[in-house]
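Structure at a glance
Next come the chains, spelled out residue by residue.
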Amino acid sequence: MDQKEIHAERVSQYYGTQYGAYFEKTVRVNPASFLTPFIQRLGNGSRLWDIGCGSGRDLLWLKEQGFKPTGLERSIGLARLAHNHSRCPVVVGDFETFDFSRIDADGMLLTAALVHVPPKRLEAVLKNILRGLGIRGLLSISMKQGTGCFQDRTGRRFYLWQSHGLESIFNSLNLRPLDVFSNVSALGTRETWLAYLLQKR
């Protein structure tokens, strides 16, 4: 097993076994500050997909604002907790292999969902996800800001990004930035996030 496979196994194992702890760590964060710019550009009742929906926190908030959200979550345990918390549909699936062409979303949300994706794979992953976004749909994405990567005590590797690297990928995918934000982590970790609102050209 090479290093890429070892890392993928560690990530899968963490979210597959520690889903309860992850749920408790993230579910109480109020997402209004970073989701409001996204929903302000969408019509009421829009069909939204939260990719890597985690605890279901954002699903519940979006539903309460009058939208129709669906979650996608690889971890079976997290998917169950997200559904129970939000009472929204949650599909168990991996965003690298899921057939997004069968959906037609008005908006897609990738809040911290791609932090474990290596830079060489990010464009291909986004290309697959974008197959599910409608012709004038909006994409909200946030990535950790920095350079290189780091590994935490659980063995998960987090990849860090600068704006020029992300914007080069967005341009190659024919995505037009509508807004760009820089936010400090709502979990109190002092990490900075780069957040983009994007639309297909």
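Look up a bit, the structure's there.
Every value quoted in this text rests on a predicted model; they were computed, and no experiment measured them.

**Notes on the packing of aromatic side chains**
Counted according to the given criterion, the structure contains 6 aromatic pairs. Measuring from ring centre to ring centre gives 4.9 Å for phenylalanine 98 and phenylalanine 100, while their planes differ by 75°; the resulting arrangement is edge-to-face. Exposure remark for phenylalanine 98: the relative accessible area of 7% places this residue in the buried category. The class of phenylalanine 100 is buried, set by a relative accessible area of 0%. For the ring pair phenylalanine 150 and phenylalanine 158, a centre distance of 5.1 Å and an interplane angle of 10° mean the geometry is stacked. Residue classification places phenylalanine 150 among the partly exposed positions, given a relative accessible area of 32%. A residue is classified by how much of its surface remains accessible, and phenylalanine 158, at 9% relative accessible area, is buried. Each member of the aromatic cluster is reached from another via a ring pair, and the members are Tyr14, Tyr15 and Tyr22. In this structure, arginine 156 is placed above the aromatic ring of tyrosine 14, and the distance from its NZ or CZ to the ring centre is 3.9 Å.

**Here's the deal with the side chain of lysine 144**
Inspection of the secondary structure assignment puts lysine 144 in strand β5 (residues 133-144). Assessed through its relative accessible area of 6%, lysine 144 is described here as buried. There is a polar contact of 2.7 Å between the side chain of lysine 144 and the side chain of glutamate 191. Contact partners of lysine 144, with chain neighbours within four places excluded, come to Val115, Phe150, Phe158, Tyr159, Leu160, Trp161, Glu191, Thr192 and Trp193.

**Re the packing of helix α2 (residues 19-26) against helix α5 (residues 76-86)**
Axis separation between α2 and α5 bottoms out at 9 Å; the angle between their running directions is 40°. The angle between α2 and α5 falls in the class oblique. As for the relative orientation of α2 and α5, their crossing is right-handed in sense. Where α2 approaches α5, its residues Tyr19, Gly20, Tyr22 and Phe23 are matched on the opposing element by Gly77, Leu78, Arg80, Leu81 and His85.

**Overview of the nonpolar core**
Counting residues in hydrophobic clusters, the biggest one holds 32 residues, and the most contacted among them are Met108 and Leu114. Taken together, the elements giving at least two residues each to this core come down to β1 (47-51), β4 (105-111), α6 (119-129), β5, α7 (163-172) and β9 (192-200). Excluding residues that lie within four positions of it along the chain, methionine 108 makes contacts with Phe38, Trp49, Ile51, Phe100, Ile103, Ile129, Gly132, Leu133, Leu138, Leu139 and Ser140.

**So, the state of the cysteines**
All chains considered together, the criterion is met by 0 disulfides. Between cysteine 88, a cysteine without a disulfide, and cysteine 53, which holds the nearest cysteine sulfur, the sulfur-to-sulfur distance is 9.1 Å. The exposure class assigned to cysteine 88 is buried, which follows from its relative accessible area of 2%.

**With respect to the pairing of β9**
For β9, a buried count of 7 out of 9 residues is recorded, marking the element as mostly surrounded by other parts of the structure. By the bridge criterion, 7 bridges tie β5 to β9 in an arrangement that is antiparallel. Bridged to methionine 143 within β9 is leucine 194. As judged from the 9 bridges shared by strand β8 (residues 175-184) and β9, these two strands associate in the antiparallel manner. When the bridges of β9 are listed, valine 184 appears paired with threonine 192.

**Thoughts on the environment of phenylalanine 98**
Assignment of secondary structure puts phenylalanine 98 in the loop between β3 (90-92) and β4. Aside from chain neighbours lying at most four places away, what touches phenylalanine 98 is Trp49, Leu72, Val91 and Asn128.

**Digging into unusual backbone geometry**
Of note in this structure, alanine 112 is not a glycine but carries a positive phi near 60°. With respect to the secondary-structure elements, alanine 112 resides in the loop between β4 and α6. Phi is positive for asparagine 174, which is not a glycine, with a value near 65°. Relative to the helices and strands, asparagine 174 resides in the loop between α7 and β8.

Definitions and cut-offs
Residues numbered from 1 in each chain as written. Predicted model: local features only at pLDDT ≥ 70, side-chain atom pairs only at ≥ 80, totals over all residues. Heavy atoms only, no water. Phe/Tyr/Trp six-rings, centres within 6.5 Å; stacked < 30°, edge-to-face > 60°. Buried < 20%, exposed > 50% of the residue type's maximum accessible area, 1.4 Å probe, protein only. Lys NZ or Arg CZ within 6 Å of the ring centre and 35° of its normal. Helix = DSSP H or I, 4+ residues; strand = E, 2+ residues; numbered from the N terminus. Polar contact = N/O pair within 3.5 Å; in protein donor to acceptor, adjacent residues only side chain to side chain. Contact = heavy atoms within 4.5 Å. Axes fitted to C-alpha atoms, helices over the stretch in contact; angles between N-to-C directions. Parallel < 35°, antiparallel > 145°, perpendicular 65-115°, else oblique. Left-handed = near helix turned anticlockwise from the far one by under 90°. Core = buried A, V, L, I, M, F, W, Y, C linked by side-chain atoms within 4.5 Å. Disulfide = S-S within 2.5 Å. Pairing = 2+ DSSP bridges.

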